[in-house]
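For reference, the chains in residue letters:
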Amino acid sequence: MDKNFQEKQFKGIIKFTPPLSKQRYQFIKDLVGKYKPKKVADLGCADCTLLWMLKFCPCIEVLAGLDICASVMQQNMHRLSPLPVDYLQPAERSLTITLHHGSVACKDPCMLGFDLVTCIELIEHLEEPELKKFPEVVFGFMAPSIVVISTPNSEFNPLFPRATLLRHPDHKFEWNRVQFQSWALETARCYDYSVEFTGVGHPPTGMENVGFCTQIGVFVRNYPQTSEFAQSKKSTEEVYKMVFKAVYPSLKDEKYLQNAVVSEVVFTAQIIKQSLLDCLMLEHDKYNDDPTERKSEFQPSVNSEDLGNLDVEKSMEPYVNGNVIYIPLRTIFSFPEVNQLCGTFEKLCMFVAGKVTLSSDGSAVMFSTEHENH
């Protein structure tokens, strides 16, 4: 079949599902899931959408964005700020997000030490002098373990309706697959990386020969960067301007960890208290209904089933003395949620001291029963 005839057949509206931009971002998310990087930088971050998606990846502890247009970042950077729920339920990992205004043709030490650097639909916006400097900045200076570069595949362009030479007025060029792969292989050779090629945005059936709409190169550094070499780069002058920084609450911060422990202790103690009161009510009803079951003395306690099948010792059982319920800290520490947060019983005692009402010897949480219905 004549190629020109084939192309005319496909000059209708091409719709990607999901949209092409989401496919590119999902590709990065899948890569993060595979390699579990802790520090990720997005060069040409624009409206911060990729950074916003990546902030939910539990392995990432540092996110950085760089763009030449500060106003676009500033209009969207609020999406990267912590939400109230992040303070109510801090994550176990730490997370810091920063945005920087500057050019990818310049070196700045704030971009050192990253595991993964993404350049999504970036290089086609670079002028020729910037493009020449780009490999040295990213692969030579930053030298992350992995670099992902995506760019339009010009061979796909004739399939778009009203196709023009370039897809976007700001594009300085658009490469076909041979041109991109030639540039990528030479860059990988110069800076000791290996590169694999793939893409997103499948062509219509019958036009597979044009390749993906977006072509992608995944570069992996062949050898680890030595600490001495990385340290020598930190003397480089800072040229980027930071326009945003957010530090998320984390259980690695003792302040947030203490708040989480106290909340969990109070919550657990309330559950134990209610179980104890329910037992008291049952015993009280049984005592009144069946006088033969009356005992001269009664010391109520919660059975192991009521405490979530905990095998607690007698000394750990909650008890009532007058109008006060005592919940031993040892019992509370036996609950997995509390145990995992604290790690040790000594830390539990340290965190709750002065934050909850304790017995005189500090061994139990105290609750008054004066307002409880028996």
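Residues numbered from 1 in each chain as written. Predicted model: local features only at pLDDT ≥ 70, side-chain atom pairs only at ≥ 80, totals over all residues. Heavy atoms only, no water.

Per an unreviewed UniProt entry, the protein chain goes by the name Small RNA 2'-O-methyltransferase and belongs to Bucorvus abyssinicus. The protein chain has a UniProt comment under Catalytic activity (unreviewed entry) that states "small RNA 3'-end nucleotide + S-adenosyl-L-methionine = small RNA 3'-end 2'-O-methylnucleotide + S-adenosyl-L-homocysteine + H(+)". (UniProt positions renumbered as here; feature names shortened; annotations may be inferred.)

Strand pairing within a sheet occurs via backbone hydrogen bonds; the two strands may be parallel or antiparallel. Taken together, eight strands build an open sheet; the order of strands is β6-β7-β5-β4-β1-β2-β3-β8 and the sheet is mixed. At either margin of the open sheet sits one strand with a lone partner, and together these are β6 (193-200) and β8 (241-247). Along the sheet, successive strands turn relative to each other by an average axial angle of 15°, direction set aside. Two strands pair when backbone bridges link them, and strand β5 (residues 146-152) and strand β7 (residues 214-221) are joined in this way by seven bridges, in the antiparallel orientation. (Pairing = 2+ DSSP bridges. Helix = DSSP H or I, 4+ residues; strand = E, 2+ residues; numbered from the N terminus. Axes fitted to C-alpha atoms, helices over the stretch in contact; angles between N-to-C directions.)

The next point concerns helix α12 (residues 345-352). Of all the positions in α12, only F345, L348, F351 and V352 are classed as buried. For α12, the angular spread of the buried residues around the axis is 125°, confining them to a single face. Following α12 by one or two positions, G354 has its phi on the positive side, about 80°. (Buried < 20%, exposed > 50% of the residue type's maximum accessible area, 1.4 Å probe, protein only. Arc of directions from axis to C-beta.)

All told, the structure shown has 15 aromatic pairs when counted by the stated rule. Both rings, one in F139 and one in Y193, keep their centres 5.1 Å apart while their planes meet at 85°; by these two values the pair is edge-to-face. With F139 in helix α6 (residues 128-142) and Y193 in strand β6, the pair connects residues that are 54 residues apart, well separated along the chain. With relative accessibility at 2%, the residue F139 sits in the buried group. Taken together, the ring pairs in this structure connect F134, F173, W175, F180, W183 and F197 into an aromatic cluster. Against the face of F114 rests K39, its NZ or CZ located 5.2 Å from the ring centre. (Phe/Tyr/Trp six-rings, centres within 6.5 Å; stacked < 30°, edge-to-face > 60°. Lys NZ or Arg CZ within 6 Å of the ring centre and 35° of its normal.)

If you walk through the whole model with that rule in mind, you get seven salt bridges. When the shortest N-O distance is used, the salt bridge between R24 and E121 registers 3.6 Å. You can see R24 sitting in helix α2 (residues 20-35) and its partner E121 sitting in the loop between β4 (116-120) and α6, a full 97 residues away along the chain. E121 matches R24 in its accessibility class, with the two residues each being buried. Linking R189 and E186 is a salt bridge whose minimum nitrogen-to-oxygen distance equals 2.6 Å. With R189 and E186 both in helix α7 (residues 177-190) and three residues apart, this pair spans about one turn of that helix. Overall, R189 belongs to the exposed group, its relative accessible area being 58%. (Salt bridge = Lys/Arg side-chain N within 4 Å of Asp/Glu carboxyl O.)

Considering the arrangement of structural elements, one finds S363 in the loop between α12 and β11 (364-368). The class of S363 is partly exposed, set by a relative accessible area of 35%. Residues S363 and R330, 33 residues apart in the sequence, show an inter-C-alpha distance of 7.7 Å. Setting aside residues no more than four positions away along its own chain, S363 makes contact with P328 and L329. Here the side chain of S363 touches D361 through a polar contact of 2.8 Å, side chain to side chain. (Contact = heavy atoms within 4.5 Å. Polar contact = N/O pair within 3.5 Å; in protein donor to acceptor, adjacent residues only side chain to side chain.)

To continue, consider the nonpolar core. Here is a general trend for soluble globular proteins: nonpolar side chains tend to be buried in one another's company. I28, V32, L54, I60, L99 and V148 are the most contacted members of the largest nonpolar core, which has 40 residues in total. Broken down by secondary-structure element, the contributors of at least two residues to this core are α2, α3 (49-54), β3 (96-101), β4, β5, β7 and β8. Counting residues per element, this core draws most heavily on α2, which supplies six residues. (Core = buried A, V, L, I, M, F, W, Y, C linked by side-chain atoms within 4.5 Å.)

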